[in-house]
Amino acid sequence: MIRVRFAPSPTGYLHVGGARTALFNYLFAKHNDGKFILRIEDTDLERSTAESEQSLLNTMEWLGFKWDEGPGVGGEYGPYRQSERMDIYKKMAHQLVEQDKAYEAYVYPEELEKIREELLAQKKSPHYNEEMLSQFDTPERREEYKAKGIEPVIYFKMPYKDYTINDLIKGEVTFKKGTVGDFVILRSTGLPTYNFAVVVDDALMKISHVIRGDDHLSNTLRQLAVFEGMEYPLPEFAHVSMILGPDGARLSKRHGATSVEKYQEMGYLPQSIMNYLALLSWSHPDEKEIMSMEEMVKEFTIERVNSSAAIYDEQKLRWMNGVYIRELDDDELTRYAKKYIIASGLMDETHFKSNYKWIREAVGSLKKKIHQFDEIPEKLEVFFKEPIFKKEWAQQIKDDDTDPAFIELYHQVKSADSWNIPDIYQLFKEVAKRVKVNSKKFYHMLRVVLTGEEDGPELVNVIHLIGRNQMLKRLERVVDMI
RNA sequence: GCUCCUAUCGUCCAGUGGUCCAGGACAUCACCCUUUCAAGGUGGAGACCGGAGUUCGAACCUCCGUGGGAGCGCCA
């Protein structure tokens, strides 16, 4: 049985890198009829918050992840929150001490720092071992600890040997002996450290494949030793490369929006985000780019995951979101647009409802223009605001020699007896029949006269939606001057 | 400093020893379509980090160099 997990720590919003790791785990699990497990790594009490966890869960759901085991859904290997598994880690750590694979250390941080400095001064790696730390384990020190009510930390004895894994993405990776020294597995607070808790959890949760970012590759050495010390079978490993910012540095806040929440706010569709993220280090066998979740699940294999780092390209994500927006029908688009429109103050709830058909056409006319929903209100303004008339427009029209067309259009509009889209088309045909005109120039200036803008929604929609009276009014101002 | 990972168009990917004067996508440029703009269509420009080696033959294999990234916490 294939069992994978995504194990975020609830210390902030879900990062796009994290979402990509989750996605790869998910695709791998679903492709192989396996289980996708969500585990919350909240052993860092200082930084973990319940709010972060909640937002993480919400975002995961919004993106479309469904976990088979984890917070909210349970499962037979729970609990799935590390903060609820404390006795397990404690028990495991002490078991290792009994087996002489780990030891207690009664050392104070200042003393440790001193050892470290000495080692550094001797140009040695700052690695600790039992010999260095056991000198502090005196009866007096033990008494002191007891009196102060603090617990000794537990160090894991790092065996002096090479470790090799066959990473599914990186291939054979060998960690040379002596690279790391003994390390803490249980803190003085009684809480486990990351490298220990992951192994205990992965082992107990019967995780078969550990798919994670390659920033954890170096940590794997310690984890390998712990797996061995606890006599648990090793899972398979697959280290996915990192996502970098445009400057080649690890993607972070200073590169702009990096949290999934932020993209949600800006009006990105979850399918665009997932589709784009899947394409970072992975590709469809036929180089297909736009894919549904089902297609991704169907085609995903770890062999096709590239092992080099990828630079995050927001522009391509934006393009892709545009592709998905264009696939939406007008009702769906309007549903998504609603909250942005209301938040902008262009319309209120009742106004929106009573003018639904009108707003739907207005929003629909924007479909090919937008890449994110938050662009909608601004582009909608032309339907709500009258442009401020500029005298230069009349001059420009005369220079373009399109003034006869404007005059003819004005008369046609004035005598028009109906105002639906086909009639508007007909009306323009009539104008063109009577006046020969450079259409490029004519339509451009017509847009300017009607909206005050150089570009915007479909002109027919603009004309239809502002209505005949507004059309006449706006035309009049310029026709009077030519 | 030590250890590990990595290196194909500006960017993301394809390519697993000959089918590659290297293919697709984003971005860019030109043209076409068009009731402006956009969307769409067609086309252009654009890359195998450097050096050795293995081989009849290397983008693909090996080594060295260089560049980039990551880890070395009682953070995860």
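Residues numbered from 1 in each chain as written. Chains lettered and ligands numbered in written order. Predicted model: local features only at pLDDT ≥ 70, side-chain atom pairs only at ≥ 80, totals over all residues. Heavy atoms only, no water.

As for its position among the elements, Glu361 is in helix 15 (residues 356–364). At 7.9 Å, Arg360 is the nearest oppositely charged side chain to Glu361, a buried residue that forms no salt bridge. Within the structure, Glu361 has its side chain in polar contact with the side chain of His464 (distance 2.7 Å). When near neighbours in sequence (up to four residues on either side) are disregarded, Glu361 contacts Ile421, Asn461, His464 and Leu465. (Helix = DSSP H or I, 4+ residues; strand = E, 2+ residues; numbered from the N terminus. Buried < 20%, exposed > 50% of the residue type's maximum accessible area, 1.4 Å probe, protein only. Lys, Arg positive; Asp, Glu negative; His and termini not counted. Salt bridge = Lys/Arg side-chain N within 4 Å of Asp/Glu carboxyl O. Polar contact = N/O pair within 3.5 Å; in protein donor to acceptor, adjacent residues only side chain to side chain. Contact = heavy atoms within 4.5 Å.)

With that settled, consider a negative patch on the surface. A cluster of acidic residues, Glu378, Glu453, Glu454 and Asp455, forms a negative patch on the protein surface. Residue placement: Glu453 occurs in the loop between helix 20 (439–451) and helix 21 (459–479). The exposure class assigned to Glu453 is partly exposed, which follows from its relative accessible area of 41%. (Patch = residues over 30% accessible without salt bridge, like charges linked within 9 Å, V, L, I, M, F, W, Y side chains within 5 Å. Areas by Shrake-Rupley, 256 points an atom, 1.4 Å probe, with all protein chains shown as cover. Charge placed at Lys NZ, Arg CZ, Asp CG, Glu CD.)

Among the residues making up helix 15, those that are buried are Ile359, Glu361, Ala362, Val363 and Gly364. The elements touched by buried residues of helix 15 are helix 13 (330–344), helix 14 (349–354), helix 16 (376–384), helix 19 (421–434) and helix 21.

Below, the discussion takes up the packing of aromatic side chains. Scanning all chains against the criterion turns up 20 aromatic pairs. Ring plane angle 15° and centroid distance 5.0 Å describe the contact between Tyr336 and Phe373, whose orientation is recorded as stacked. Residue Tyr336 is located in helix 13, and its partner Phe373 is located in the loop between helix 15 and helix 16; the two are separated by 37 residues in the primary sequence. Residue classification places Tyr336 among the partly exposed positions, given a relative accessible area of 32%. On the numbers, 5.2 Å between centres and 80° between planes, the contact of Phe406 with Phe442 is edge-to-face. Note that Phe406 is positioned in helix 18 (residues 403–415) and Phe442 in helix 20, a separation of 36 residues in sequence. Overall, Phe406 belongs to the buried group, its relative accessible area being 0%. (Phe/Tyr/Trp six-rings, centres within 6.5 Å; stacked < 30°, edge-to-face > 60°.)

The parts lose accessible area when they come together, and the size of an interface is often stated as this lost area. Along its sequence, chain A is organised into domain 1 (3–67 + 244–316), domain 2 (85–240), domain 3 (329–375) and domain 4 (391–481). At the interface, six residues of domain 3 touch seven residues of domain 4. Roughly 610 Å² is buried in total at the junction of domain 3 and domain 4, and carbon and sulfur atoms are behind 55% of that figure. (Domains from an automatic or database assignment. Buried area = accessible area lost by both parts, 1.4 Å probe.)

Right, let's get into unusual backbone geometry. Even without being a glycine, Lys206 presents a positive backbone phi close to 55°. Residue position: Lys206 is located in the loop between helix 7 (194–204) and strand 8 (209–213). Backbone geometry places Asp401, a non-glycine residue, at a positive phi of 60°. Relative to the helices and strands, Asp401 resides in the loop between helix 17 (392–400) and helix 18. By relative accessible area, which is 56% here, Asp401 ends up exposed.

This part takes up the protein's contact with RNA strand B. Lining the immediate surroundings of RNA strand B are 55 residues, of which Arg187, Lys368, Lys369, Tyr425 and Arg447 lie closest. Near the protein, within 4 Å, the atoms of RNA strand B are sugar or phosphate in 74% of cases. For RNA strand B, a base oxygen lies 2.9 Å from a polar atom in the side chain of Ser188. In this structure, Tyr425 approaches RNA strand B through a main-chain N or O atom, which is 3.5 Å from a base oxygen. Of all the elements in the fold, those that place two or more residues in the surface near RNA strand B are strand 6 (171–175), helix 8 (217–229), strand 11 (310–311), helix 12 (314–326) and helix 20. Taken together, the residues of the surface near RNA strand B sort by class into 15 nonpolar, 18 polar and 22 charged. (Near = heavy atom within 4 Å. Nonpolar A, V, L, I, M, F, W, Y, C, P; charged D, E, K, R; others polar.)

Under the defined criterion, the tally for this structure stands at 32 salt bridges. Between Glu430 and Arg434 there is a salt bridge; the shortest N-O distance is 3.3 Å. Of this pair, Glu430 and Arg434 both sit in helix 19, four residues apart, which is roughly one turn of the helix. Take Arg434: its relative accessible area is 55%, and that puts it in the exposed class. Each member of the salt-bridge network shares a partner with another, and the members are Arg5, Arg39, Glu41, Arg85, Asp201 and Asp202.

With 104 residues, the main nonpolar core has Phe65, Tyr312, Ile341, Leu380 and Leu409 as its most contacted residues. The greatest single-element share of this core, amounting to eleven residues, is contributed by helix 21. The residues contacting Leu409, other than those within four sequence positions of it, are Leu427, Phe428, Val431, Phe442, Leu446, Met471 and Leu475. Ranked by size, the runner-up nonpolar core spans 36 residues in total, among them Ile185, Leu186, Ile207 and Met230. (Core = buried A, V, L, I, M, F, W, Y, C linked by side-chain atoms within 4.5 Å.)

Now for the sheet that holds strand 4 (residues 153–156). In spatial order, the strands read 3-4-7; together these three strands make up an open sheet with antiparallel pairing. This sheet does not close on itself; its edge strands, each paired only once, are strand 3 (102–105) and strand 7 (183–186). Direction aside, neighbouring strands of the sheet carry axes that sit 45° apart on average. (Pairing = 2+ DSSP bridges. Axes fitted to C-alpha atoms, helices over the stretch in contact; angles between N-to-C directions.)

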